[in-house]
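Report on the structure
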Amino acid sequence: MTTPDLFAPEPDDAGEMVQLRQLLHEHAHRYYVLDAPTIPDAEYDRLFRQLQALEARHPELITPDSPTQRVGGKVLAQFAPVRHAVPMLSIRTETDTEASGAENFDARIRRELSLTDAAPALEYVAEPKFDGLAMNLRYEHGALVQAATRGDGEVGEDVTQNIRTIGQIPLRLPADAPPVLEVRGEVYMRRDDFEALNERQRQRIAAGERGEHTFVNPRNAAAGAVRQLDPAIAAQRPLSFFAYGLGEVTAPEAGGPVWQTHFEMMQTLKNWGFPVSSLVRIAQGAVELVAYYESIGALRDGLGFDIDGVVYKVNSLALQRQLGFVTREPRWAVAHKFPAQEMLTTVLAIDVQVGRTGKLTPVAKLAPVFVGGVTVTNATLHNEDEARRKDVRVGDTVVVRRAGDVIPEVVSVLPDKRVDDTAIFTMPRQCPVCGSAAVREEGEADYRCTGGLFCSAQRKQAILHFAQRRAVEVEGLGDKLVDQLVDAGIINTLPDLYRLGFTALANLPRMADKSAQNMLDALEKSKQTSLPRFLFGLGIRHVGEATAKALARHFGKLDAIMDASEEDLLAVADVGPIVAKSIRTFFDQAHNREVLEQLRACGVTWPEGEPAPVAPQPLSGQTFVLTGTLPTLGREQAKALIEAAGGKVAGSVSKKTSFVVAGTEAGSKLDKARELGVAVLDEDQLKEMLDGGA
Ligand code: IVH
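What this report covers is the structure whose coordinates are included nearby. (Residues numbered from 1 in each chain as written. Predicted model: local features only at pLDDT ≥ 70, side-chain atom pairs only at ≥ 80, totals over all residues. Heavy atoms only, no water.)

Within the protein, the regular secondary structure consists of 25 helices and 24 strands. A compact globule built from 694 residues should have a C-alpha radius of gyration of about 26 Å, and the protein, at 30 Å, falls within 12% of that. The buried share of the protein, reckoned over its 694 residues, is 48%. Sequence-distant contacts in the protein: of pairs separated by 6 or more residues, those separated by 24 or more amount to 68%. Of note, the protein has its 77 positive side-chain charges centred 2 Å away from the centre of its 94 negative side-chain charges. (Helix = DSSP H or I, 4+ residues; strand = E, 2+ residues; numbered from the N terminus. Rg over C-alpha atoms; globule rule 2.2 N^0.38 Å. Buried < 20%, exposed > 50% of the residue type's maximum accessible area, 1.4 Å probe, protein only. Contact = heavy atoms within 4.5 Å. Lys, Arg positive; Asp, Glu negative; His and termini not counted. Charge placed at Lys NZ, Arg CZ, Asp CG, Glu CD.)

Below, the structure written as structure tokens:
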């Protein structure tokens, strides 16, 4: 009998390490070489850390080819290799998404510099961590001569042809730039450009074009575009760029630039024409780093592009030199991550939800998962075609993405993780709520329930729409209460809302007398409204807030709108043939007129006005495109204002565009505007035009 060797690796560990390496190799290949990852970064990081932990326990089992032993990606054979004059390093990542990530960094730096607690706060620069791909731009005597990806940090790929198509990257520098200048930064795709690209891709797929696919996120779309072999195709994929650092630069002794701080250097890059994010800030000590982390975290969803964290850098270049490097990472910088925007979870069920207009939407019910900073349990599958294309099935392991204010969606399925006996999803041919036929009209992507207000789901949505803040506003009337009221048969139509009595309300389960009275007060208050709010609240198809306002201004009185012909309606600035027809159809239905009469009889009222003189509106005939973040106006707000003044808002810039309104971090639309010679306005100029100025 032999005694077991206590120090031999457990056979399970050795086997697991082999498996993990194999898995990580495969996923790294999909990520770096094919630009088509199948698992989220967070999952890759988790596997990577698992392997690192096992290797720490069994250092004798580390193989030189282990993914933990090398940085970054492989060089694609198709592109010429470029040896970086100065290696492109990575940075240490602080995955702790609490404030302590910033505090740890500051404490470490102070230790390295042997600073006592009494020493003053250190000065840092804090920047967003852009989620794209690193690029080295080499300029010689002011001309862009080469653009290279990071590759493995030592050798990257020559992608100059494709990078030249990015309008934001200067091809020539001013005369005061040094003879050799390498600018490093991130190539990325804006979220709106990404959505538009995927929309075009979906149309290509629908039109039967072969070999086309959609992209799972803006970073992959950007990586795919940069490493596209055909520069003409790369040019159709709108990319943007932010500078954040330097590679090789002519030395001061040879007449090169002298900078004291990172921030000063960034200002110079900006002056030379490189895009530098307006979110780059100087921060004193850990306290301001924490404040920055939190403020950028709060802005994250509203930015036009993905960021996966922030980066802190010691501002003084002398201190940076003093701190130096550990292995392949600078000691003077750290990345502090935000919660991941893509995570894995499983599909528990696929429900079909019925919207206000009867639209059926397949929704994946998920095992709860923390993604993009919130716990997500539902993700849209959009429509039947999308659900089929992704082939999402109950029981599947899926990647869920939640970024920006876009609703969470299932981006892909992990086919390897599919369990046995799963069924392909099919859209029901009957409304799951009322049983009426569900039909998909020719040329439409959606199925609709034909039950109309017979369908309780549509009734509930119609009531919630009417009661919302932007319509007549019934404070405190939420979906739970509407469910109760409709399910109990207490409310069937909008006017029933105003016939609610105290007893009916107070008798509902979990309804205190005080809450019942509050609800009655809120209903009473909602009766005093305005014509645009009331019109919008009716939920006429294609009549949004802006159209409701335009109608109210044009006709002044509800009766005038009810009796207007399609031709009369077309005279309204914001109204085209489809909208005119929809309004006419709505008011032609006797039961809709009946509902209006009853609402008025219940005391719903608004000040009626005179029809507006048909003075031309300040922006009529003009088409606007919005890009970037405006200083005070939200995207929807700006759009509503333009439309209310008779203008149109389009999604992309063309020769027909009258003006592009650009805020900070404006992307390719601004480039396109300049290329086409379209006039560019800032928010103040837009406001002047809205007020009727030239
Ligand atoms: S500085 C030596 N600043 O994050 C320090 N990197 O490993 C070089 N990144 O892939 C990096 N935003 O492309 C720096 N503001 C920023 C950044 C940033 C994104 C990327 C970079 C690299 C990774 C760092």
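Now that the structure has been shown, the text picks up again.
Turning next to the pattern of salt bridges. According to the stated counting rule, one finds 46 salt bridges in the structure shown. Asp131 is the salt-bridge partner of Arg219, the closest N and O atoms lying 3.4 Å from each other. You can see Arg219 sitting in helix 6 (residues 218–226) and its partner Asp131 sitting in the loop between strand 3 (123–130) and strand 4 (133–140), a full 88 residues away along the chain. Shared partners join several salt bridges into a network, and the residues in it are Arg138, Glu140, Glu182, Arg184 and Glu248. (Salt bridge = Lys/Arg side-chain N within 4 Å of Asp/Glu carboxyl O.)

What follows deals with the site of the ligand. Taken together, Ser90, Ile91, Glu127, Pro128, Lys129, Phe130, Ala134, Glu186, Tyr244, Val311, Lys313 and Pro330 make up all the residues around the ligand. Within the side chain of Lys129, an N or O atom sits 3.3 Å from an oxygen atom of the ligand. Here an oxygen atom of the ligand and a side-chain polar atom of Glu186 are 2.4 Å apart. Computed on the free molecule, the ligand has an accessible area of 520 Å², of which 87% lies beneath the protein chains in the complex. Elements with a minimum of two residues in the shell around the ligand: strand 3 and strand 10 (307–314). (Near = heavy atom within 4 Å. Polar contact = N/O pair within 3.5 Å; in protein donor to acceptor, adjacent residues only side chain to side chain. Areas by Shrake-Rupley, 256 points an atom, 1.4 Å probe, with all protein chains shown as cover.)

Moving on to a positive patch on the surface. Where like charges cluster on the molecular surface, the positive patch consists of Arg469, Arg533, Lys549 and Arg553. Note that Lys549 resides in helix 18 (residues 545–555). On the accessibility criterion, Lys549 (39% relative accessible area) is partly exposed. (Patch = residues over 30% accessible without salt bridge, like charges linked within 9 Å, V, L, I, M, F, W, Y side chains within 5 Å.)

Right, let's talk about the sheet that holds strand 4 for a bit. Taken together, the 4 strands give an open sheet; going across it, the order is 5-4-7-8, and neighbouring strands pair in antiparallel fashion. Of all the strands in the sheet, the pair left with one neighbour each is strand 5 (143–149) and strand 8 (240–249). Sheet twist, expressed as the mean angle between neighbouring strand axes with direction ignored, is 30°. Bridging between strand 7 (residues 180–188) and strand 8 involves 7 bridges; their strand directions are antiparallel. (Pairing = 2+ DSSP bridges. Axes fitted to C-alpha atoms, helices over the stretch in contact; angles between N-to-C directions.)

With that settled, the discussion passes to helix 9 (residues 285–299). Its 15 residues give helix 9 an end-to-end C-alpha distance of 21 Å, which sits within 8% of 21 Å, the value for a rise of 1.5 Å per residue. Among the residues of helix 9, Gly285, Ala286, Leu289, Val290, Tyr292, Tyr293 and Ile296 are the ones counted as buried. Those residues of helix 9 that are buried lie in contact with helix 3 (100–112), strand 3, strand 9 (281–284), strand 10 and strand 13 (333–337). (Expected span 1.5 Å × (residues − 1).)

Turning our attention to the sheet that holds strand 24 (residues 679–681). Across a sheet, strands are paired by hydrogen bonds formed along the backbone, either parallel or antiparallel in direction. Spatially, 4 strands are ordered 22-21-23-24 in an open sheet, and the strand pairing comes out parallel. Only two strands of the sheet have a single partner each, and these edge strands are strand 22 (648–650) and strand 24. Each adjacent strand pair in this sheet contributes to an overall mean axis angle of 35°, direction not counted. In this sheet, strand 24 lies alongside strand 23 (residues 659–662) in parallel orientation, the contact comprising 3 bridges. Within the sheet, the bridge partner assigned to Val661 lies in strand 24 and is Leu681. Packed onto the sheet, helix 23 (residues 635–644) meets strand 21 (623–627) and strand 22 and runs at close to 170° relative to strand 21.

This paragraph deals with the packing of aromatic side chains. Within this structure, the stated rule accounts for 15 aromatic pairs. Between Phe105 and Tyr124 the ring centres are 5.5 Å apart and the planes differ by 50°, which places this aromatic pair in the tilted class. Of this pair, Phe105 sits in helix 3 while Tyr124 sits in strand 3; the two residues are 19 residues apart in sequence, bridging distant segments of the chain. Across the pair, exposure class does not vary: Phe105 and Tyr124 are buried alike. Members of the aromatic cluster, each reached through a chain of ring pairs, are Phe130, Tyr188, Phe242 and Phe305. (Phe/Tyr/Trp six-rings, centres within 6.5 Å; stacked < 30°, edge-to-face > 60°.)

With 12 residues, helix 22 (residues 590–601) extends 16 Å between its outermost C-alpha atoms, agreeing within 8% with the 16 Å of an ideal straight helix rising 1.5 Å per residue. Among the residues making up helix 22, those that are buried are Asn592, Val595, Leu596 and Leu599. Buried residues of helix 22, viewed axially, fall in a sector of 100°; they line one side. With respect to the buried face of helix 22, the exposed residues turned more than 90 degrees away are Ala590 and Ala601. Looking at the residues trailing helix 22, positive phi occurs at Gly603, about 105°. (Arc of directions from axis to C-beta.)

Counting 55 residues, the largest nonpolar core has Leu477, Tyr498, Leu505, Phe534, Leu535, Leu551 and Phe587 as the members making the most contacts within it. Among the nonpolar cores identified, the runner-up in size contains 38 residues, and Ile169, Val183, Ala221 and Ala243 belong to it. (Core = buried A, V, L, I, M, F, W, Y, C linked by side-chain atoms within 4.5 Å.)

Further remarks concern the environment of Ile424. Note on placement: Ile424 falls in the loop between strand 18 (409–413) and strand 19 (438–440). In contact with Ile424, other than residues within four places in its own chain, are Arg388, Asp391 and Arg393.

Turning to the pairing of strand 18, a few remarks are in order. The element strand 18 is largely enclosed, with a buried count of 5 among its 5 residues. When strand 17 (residues 397–401) meets strand 18, the two strands line up antiparallel, connected through 4 bridges. What sits directly across from Val399, in strand 18, is Ser412.

What follows is about the state of the cysteines. Scanning all chains against the criterion turns up 0 disulfides. The cysteine Cys449 is free of any disulfide, with Cys434 supplying the nearest cysteine sulfur at 3.6 Å. (Disulfide = S-S within 2.5 Å.)

The phi torsion at Glu473 lies on the positive side, around 60°, for a residue other than glycine. With respect to the helices and strands, Glu473 occurs in the loop between helix 12 (456–467) and helix 13 (479–487). Accessibility expressed as a relative area gives 33% for Glu473, which makes it partly exposed. Look at Glu665: it is not a glycine, yet its phi comes out positive at around 60°.

The next thing to look at is the side chain of His336. Relative to the helices and strands, His336 resides in strand 13. Here Tyr312 takes part through its side chain, which lies 2.9 Å from a polar atom of the side chain of His336. Setting aside chain neighbours within four positions, we find His336 in contact with Glu94, Asp96, Thr97, Glu98, Ala99, Gly101, Ala102, Tyr293, Gly309, Val310 and Tyr312.

This brings us to the packing of helix 3 against helix 9. Two measures define how a pair of helices packs: the angle their axes make with one another and the distance between the axes. Two elements in contact, helix 3 and helix 9, have axes separated by 8 Å at closest approach and are oriented at 150°. When the axes of helix 3 and helix 9 are compared, the pair comes out roughly antiparallel. Of the two possible hands of crossing, helix 3 and helix 9 adopt the one that is right-handed. Within the contact between the two elements, helix 3 uses Ala102, Glu103, Phe105 and Asp106 and helix 9 uses Gly285, Ala286, Leu289 and Val290. (Parallel < 35°, antiparallel > 145°, perpendicular 65-115°, else oblique. Left-handed = near helix turned anticlockwise from the far one by under 90°.)

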